[in-house]
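If you want the building blocks of each chain, they are given just below.
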Amino acid sequence: MDLLSNILRVFRVNAAVVQRGQCQGQSMLKVPVAGRAVFHMVSHGRCHLHIENQQTPIVLGCGDVMLMPRDLPHYFKDAGDGAGAGIVCAYFQFERGMRNPILDALPDGVLLQRGQDRAQALTSLLELLLEEAAADRPGSEAVLGRLSDAVFIYMIRHHLATNPQQTGMLAALQDRYLGEALRRLHEAPQSRWTVDTLAADVGLSRSALAKRFQEIMGETPMDYLMRWRMQLAYSWLREEDAALLDVAQRCGYQSESAFAKTFKRHFGFGPGQARRGRAPKIEQAV
């Protein structure tokens, strides 16, 4: 099982707004992010990207793409040559306000410069995204969703290839033992996992796995499993007409009461409220 694909299936992304902007001379292009991730592509010219609390601006040229996974205030200014620059902005948000744990592991900005591996393919994907967003054709919503997933995957691959990770989800995905442990937990969340059984499956001692998981992921394997089960349960409750006991058992709980208690402790509201669609916006990340 491809763990990255598995996570994206639960935390699906939608292209919310796609627009073009221009900055030239003394003009400034401010970007209203409003809690969404955003991609910027320079369609022509050069510009400076100014990010809040960062003293040095980032110089972007034609064909460069910047992913900003968090809603940091930022703006663009002319690079100073007077030629100006065109900016394409694509805003993305995750269904039900759930944050993708992969994006949470990324830095505030991921830059893919023209000429680097995957740059041309990513530019083509963003152009397709723009074209589809501007059209009103059958199936556009589905196309936008799939293109958005592809754009994110390209940027994540680029970041992993150029920035070796030490801690967090991205580091775990690259770790021989933790990658396998996470794959097994995601593949069978209903199983009666313990640290002992998980360690045996991946070829480590119990203490070695627990130590490695804590050092890289910052939590225990069972804490991670509980949070992943709760995100799955929320997704199933929102999208399926499944009985509460069925959802509980798919998450590894033998009784509705134990499941409901854990669900409420995790989210702050009960599973029934999630099913009725009155749940507050979720901000927890797996």
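Residues numbered from 1 in each chain as written. Predicted model: local features only at pLDDT ≥ 70, side-chain atom pairs only at ≥ 80, totals over all residues. Heavy atoms only, no water.

## A closer look at the overall build of the protein chain
Phase 1 of the analysis: Regarding its fold elements, the protein chain presents 12 helices and nine strands.
Phase 2 of the analysis: Across the 286 residues in the protein chain, those meeting the buried criterion constitute 49%.
Phase 3 of the analysis: Here the contacts in the protein chain between residues at least 6 apart in sequence split such that 73% fall between residues at least 24 apart.
Phase 4 of the analysis: In the structure as shown, the protein chain presents an accessible area of about 13600 Å², 48% of it carried by carbon and sulfur atoms. (Helix = DSSP H or I, 4+ residues; strand = E, 2+ residues; numbered from the N terminus. Buried < 20%, exposed > 50% of the residue type's maximum accessible area, 1.4 Å probe, protein only. Contact = heavy atoms within 4.5 Å. Areas by Shrake-Rupley, 256 points an atom, 1.4 Å probe, with all protein chains shown as cover.)

## What about unusual backbone geometry?
Phase 1 of the analysis: Even without being glycine, N53 reaches a positive phi, approximately 70°.
Phase 2 of the analysis: Along the chain, the position of N53 falls in the loop between β4 (47-51) and β5 (58-60).
Phase 3 of the analysis: N53 gets classed as exposed once you look at its relative accessible area, which sits at 74%.

## Focus: the sheet that holds strand β2 (residues 28-30)
Phase 1 of the analysis: Strand order in this open sheet of four strands is β2-β7-β4-β5, and the pairing throughout is antiparallel. Two strands close off the open sheet at either side, each with one partner strand: β2 and β5. If you compare each strand with its neighbour and ignore which way they point, the axes differ by 25° on average.
Phase 2 of the analysis: Sheet topology places β2 next to strand β7 (residues 74-78); three bridges connect them, and they run antiparallel. (Pairing = 2+ DSSP bridges. Axes fitted to C-alpha atoms, helices over the stretch in contact; angles between N-to-C directions.)

## A few points about the packing of aromatic side chains
Phase 1 of the analysis: Scanning all chains against the criterion turns up nine aromatic pairs.
Phase 2 of the analysis: An aromatic cluster of at least three residues, connected via ring pairs, comprises Y234, Y253, F259, F263, F267 and F269.
Phase 3 of the analysis: Positioned over the ring face of Y154 is R157, at 5.8 Å from the centre of the ring. (Phe/Tyr/Trp six-rings, centres within 6.5 Å; stacked < 30°, edge-to-face > 60°. Lys NZ or Arg CZ within 6 Å of the ring centre and 35° of its normal.)

## With respect to the environment of R183
Phase 1 of the analysis: Residue position: R183 is located in helix α6 (residues 176-187).
Phase 2 of the analysis: A polar contact of 2.6 Å, which involves the side chain of R183, links it to the side chain of E180. (Polar contact = N/O pair within 3.5 Å; in protein donor to acceptor, adjacent residues only side chain to side chain.)

## Details of the environment of L198
Phase 1 of the analysis: Among the structural elements, L198 can be located in helix α7 (residues 195-202).
Phase 2 of the analysis: Separated by 14 residues in the primary sequence, L198 and R184 place their C-alpha atoms 8.0 Å from one another.
Phase 3 of the analysis: Beyond its immediate sequence surroundings of up to four residues, L198 is in contact with A181, R184, L185, W193, L209 and P221.

## A closer look at the state of the cysteines
Phase 1 of the analysis: In total, this model carries zero disulfides according to the counting rule given.
Phase 2 of the analysis: Note on C89: no disulfide assigned, nearest cysteine sulfur contributed by C47 at a separation of 9.7 Å.
Phase 3 of the analysis: Accessibility expressed as a relative area gives 3% for C89, which makes it buried. (Disulfide = S-S within 2.5 Å.)

## Digging into the confidence of the model for the protein chain
Phase 1 of the analysis: Looking at the protein chain as a whole, the pLDDT averages 84, with 90% of positions reaching at least 70.
Phase 2 of the analysis: Per-element mean pLDDT across the protein chain ranges from 73 in strand β1 (residues 13-23) up to 98 in α7. (pLDDT = per-residue confidence, 0-100.)

## Describing the nonpolar core
Phase 1 of the analysis: F39, L67, M155, L209, Y224, F259 and F263 are the most contacted members of the largest nonpolar core, which totals 70 residues.
Phase 2 of the analysis: With nine residues, helix α9 (residues 221-239) is the single largest residue contributor to this core. (Core = buried A, V, L, I, M, F, W, Y, C linked by side-chain atoms within 4.5 Å.)

## Details of the packing of helix α3 (residues 119-134) against helix α4 (residues 140-162)
Phase 1 of the analysis: Viewed as axis vectors pointing N to C, α3 and α4 meet at an angle of 160°, and their least axial separation amounts to 10 Å. With respect to their mutual orientation, α3 and α4 come out roughly antiparallel. Regarding α3 and α4, the two cross each other, and that crossing is left-handed. When α3 is examined against α4, the residues A121, L122, L125, L126, L128, L129, E132 and A133 are found in contact with a partner set consisting of S140, V143, L144, L147, S148, A150, V151, Y154 and M155.
Phase 2 of the analysis: For the contact of α3 with α4, the per-class residue count stands at 14 nonpolar, two polar and one charged. (Parallel < 35°, antiparallel > 145°, perpendicular 65-115°, else oblique. Left-handed = near helix turned anticlockwise from the far one by under 90°. Nonpolar A, V, L, I, M, F, W, Y, C, P; charged D, E, K, R; others polar.)

## A few points about the side chain of S140
Phase 1 of the analysis: The topology assignment puts S140 in helix α4.
Phase 2 of the analysis: One polar contact links S140 to E132, side chain to side chain, over a distance of 2.8 Å.
Phase 3 of the analysis: Among residues more than four places away in sequence, those in contact with S140 are E132 and A135.

## What to know about helix α11 (residues 256-267)
Phase 1 of the analysis: Taking 1.5 Å of rise per residue, 12 residues should cover 16 Å, and α11 covers 16 Å from first to last C-alpha, within 8% of that figure.
Phase 2 of the analysis: Contact partners of the buried residues in α11: α9, α10 (244-250) and α12 (271-275).
Phase 3 of the analysis: Once α11 ends, the next one or two residues include G268, with phi positive near 95°. (Expected span 1.5 Å × (residues − 1).)

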